[in-house]
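Report on the structure
The primary structure of each chain is shown beneath.
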Amino acid sequence: MNKKISNFLKTIFIVFLINFSQVIAATNTWEFDLSTDYTLSNTPSFNFASSIASLKKNILLHVWSSTSATTLNWAYDLVVEWNYAYITNYVDNSFSIYNVSNPASPTFVSEIVNNGWTIRLAWPTWLVKNWNYVYVASNTSDALQIIDVTNPAIPTAAGQVVDATNLNWIRWLAIFWNYLYTTNDQRDSLRIFDITNPVAPVVTGTIRNTTSLNWARWIKIVWNYAYIAWYDWDRFTSVDISNPAAPVVAGSITDATNLNWAWDVEIVWNYAYVSANQNNSIRIINITTPTAPTAVWNISWWSYTLTTPRDLLAVWNNLYMTSFWWNTINVADISNPAAPTYVTKYVHNVANPLLSWAYGLFNLWDYIYITSQTWDSLEIMKISYDNTSPSIIPNTWFIIGSDYLTSLSNILWWWNTWSISYQISKDNWTTWYYWNWSSWVTTVLWVTNSNSLSVINTNIDDFNLIAWTWTFKFKAFLTSNWDQAVELDSFTINTTPAPSPGWVSTNMALWFKS
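None of the values given here were measured: they were computed from a predicted structure.

Digging into the overall build of the protein
Each helix and strand in the protein was counted, giving four helices and 40 strands. Its C-alpha radius of gyration of 32 Å places the protein more than 25% over the 24 Å reference for a compact globule of 514 residues. Buried residues in the protein amount to 54% of all 514 residues. Within the protein, contacts between residues at least 6 apart in sequence are counted, and of these 55% link residues at least 24 apart. About 22,200 Å² of surface is accessible on the protein, with carbon and sulfur atoms providing 56% of the total. Charge centroids of the protein, computed over 22 positive and 32 negative side chains, lie 10 Å from each other.

As structure tokens, then:
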């Protein structure tokens, strides 16, 4: 055979081998379906949904706080709506309004004070707002005081209901449609008012029960049921209010330990969360069947500081809990009500946050507003993303063998607005590498020793020169600046069999030489 033809056939064979190697190049993609498929540096910071791993908003960041021995004297409860915070002040017997249009710099607007006659605000406790009217439970006035806040700069007394019997030590309020619901400590009762005329409430129904409603405290309304914590009898009760004129007890659960001095109630879907003041815990109750509430779980000590828990607030999958005596806000992840997990806690600090005898909680947008009684203060904290760059490592590896990495890529969800960087390993995460701008070096440090995929891919050939021990893994750092979302949809690596350049180049040399 002609020598040139022979070498030509050899070359064709080599080209075939090279093309074949392209055909058997491998790809592996990690998607983020289950958190259990990954090792997370801080589990509460992550959310896994729709095959996307993202940072959660579960950090509270101090924004602003203020104290006032007059306009915030024993600040008790609050409602925040649009640009204003409405606050009851227990010892000052007053009602204050603050402008919070800029949460970083609120300003005092106005105050209305008890005069014992036309304005009944003696020991004001709970308040609710409905359109241009605020309804205040005035504890020792045995009165429901109505305040017109159409002009926040000039709040005016618009009406009141005084009843030393049926509103004796009125404590908590709730509004649903055109009805106002009140609980009354000394009367062991639930009273319902029609507020179609907001300044002239009309009694439509009352239920009194010295067992199931003994020392009625907090109340939450969900459709046809009122859920109430009963302080003195360690009880949680559901009341059927489908007929406001004839409310009836539907179901009840009592527990002298886990509901000891039941205080507050928060409702999330089919679960009620009840603070047990003397048991230093939060009882979780399944209310799927309101007539037969059943206990599910207890959030108690361990990492929490829950001495005398009071107010509860659910925001998305997080439950915020005040610890009255220990001046603390606790946070639990309640994604799984049967097994809530500890997230973090925040303790009073004279600089910030001001949480001494933290009591009232209210959420609007990304902000949580907190009243603190002994510090006469209003604290504002922002719900933020974890900015410590928590990491994700897959529990499964990819066997590289003698192959070469050709590229790494990721898909970021459209909501992603910040950054993800990486360390990579070729020995199943025994050793982590990053590019230090001159070579690949090992590291045991955090995000500061990580790279973008652009940097990694630019220098991937040098990484291939490091001796392999068969398996590849990555460590992804999700970095936010508190406000920016970070969402990782998938991560992919591409490999190709290692070339044999000596053999190929020899045959090619023969061809060109001939």
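So, a nonpolar patch on the surface
On the surface, Trp 177, Val 222 and Trp 223 cluster together into a nonpolar patch covering about 400 Å² of accessible area. Residue placement: Trp 223 occurs in the loop between strand 18 (216-222) and strand 19 (225-230). You can call Trp 223 exposed: its relative accessible area is 60%.

Points about the nonpolar core
Of all hydrophobic cores here, the largest spans 50 residues; its most connected members are Tyr 135, Leu 173, Leu 190, Ile 219 and Phe 236. Element by element, the count of residues in this core is highest for strand 19, at six residues. Formed by 36 residues, the second largest nonpolar core is a distinct cluster that contains Tyr 385, Ile 392, Tyr 422 and Ile 460.

Focus: the sheet that holds strand 30 (residues 358-364)
In space, the four strands of this open sheet follow the order 5-32-31-30, with antiparallel pairing throughout. A strand with exactly one partner marks an edge of an open sheet, and here the two such strands are strand 5 (57-67) and strand 30. Here the strands of the sheet are splayed against their neighbours by 25 degrees on average, with no regard to which way each runs. Bridge count for strand 30 against strand 31 (residues 367-372) is five bridges, and the pairing is antiparallel. Bridging across to strand 31, Leu 361 finds its partner in Ile 370.

A few points about the pattern of salt bridges
Throughout the structure, instances matching the rule amount to seven salt bridges. Residue Asp 333 is joined to Lys 56 by a salt bridge in which the shortest nitrogen-to-oxygen separation is 2.4 Å. In this pair, Asp 333 sits in strand 28 (residues 328-333) while Lys 56 sits in the loop between strand 4 (52-55) and strand 5, placing the two residues 277 residues apart along the sequence. Note on accessibility: Asp 333 and Lys 56 belong to one class, buried.

What to know about the packing of aromatic side chains
Across all of its chains, the model carries 36 aromatic pairs by this definition. Feature note: the residues Trp 74, Tyr 76, Tyr 90, Trp 123, Trp 169, Phe 324, Trp 325, Trp 357 and Tyr 359 constitute an aromatic cluster, connected by ring pairs. We note Arg 310 situated over the ring of Trp 263; from NZ or CZ to the ring centre the distance is 3.9 Å. The side chain of Arg 310 reaches across the aromatic face of Phe 324, ending 4.0 Å from its centre.

Brief notes about the environment of Trp 440
Topologically, Trp 440 is positioned in strand 38 (residues 440-443). When the C-alpha atoms of Trp 440 and Ile 466 are compared, they prove to be 8.7 Å apart, with 26 residues separating the residues in sequence. Setting aside chain neighbours within four positions, we find Trp 440 in contact with Ile 424, Tyr 433, Tyr 434, Trp 435, Asn 451, Ile 456, Asn 459, Asp 462, Phe 463 and Ile 466. Within the structure, Trp 440 has its side chain in polar contact with the backbone oxygen of Asn 459 (distance 2.9 Å).

A word on the sheet that holds strand 7 (residues 84-89)
Spatially, 6-7-8-9 is the arrangement adopted by the four strands of the open sheet, whose pairing is antiparallel. Strands with a single pairing partner mark the edges of an open sheet, and in this sheet they are strand 6 (75-81) and strand 9 (107-113). The mean inter-strand angle of the sheet, taken between neighbouring strand axes irrespective of direction, is 20 degrees. Examined bridge by bridge, strand 8 (residues 94-99) and strand 9 share six bridges and lie antiparallel to one another. Across the sheet, the residue bridging to Ser 94 is Val 113, located in strand 9.

About the cut-offs
- Residues numbered from 1 in each chain as written.
- Predicted model: local features only at pLDDT ≥ 70, side-chain atom pairs only at ≥ 80, totals over all residues.
- Heavy atoms only, no water.
- Helix = DSSP H or I, 4+ residues; strand = E, 2+ residues; numbered from the N terminus.
- Rg over C-alpha atoms; globule rule 2.2 N^0.38 Å.
- Buried < 20%, exposed > 50% of the residue type's maximum accessible area, 1.4 Å probe, protein only.
- Contact = heavy atoms within 4.5 Å.
- Areas by Shrake-Rupley, 256 points an atom, 1.4 Å probe, with all protein chains shown as cover.
- Lys, Arg positive; Asp, Glu negative; His and termini not counted.
- Charge placed at Lys NZ, Arg CZ, Asp CG, Glu CD.
- Patch = residues over 30% accessible without salt bridge, like charges linked within 9 Å, V, L, I, M, F, W, Y side chains within 5 Å.
- Salt bridge = Lys/Arg side-chain N within 4 Å of Asp/Glu carboxyl O.
- Core = buried A, V, L, I, M, F, W, Y, C linked by side-chain atoms within 4.5 Å.
- Pairing = 2+ DSSP bridges.
- Axes fitted to C-alpha atoms, helices over the stretch in contact; angles between N-to-C directions.
- Phe/Tyr/Trp six-rings, centres within 6.5 Å; stacked < 30°, edge-to-face > 60°.
- Lys NZ or Arg CZ within 6 Å of the ring centre and 35° of its normal.
- Polar contact = N/O pair within 3.5 Å; in protein donor to acceptor, adjacent residues only side chain to side chain.

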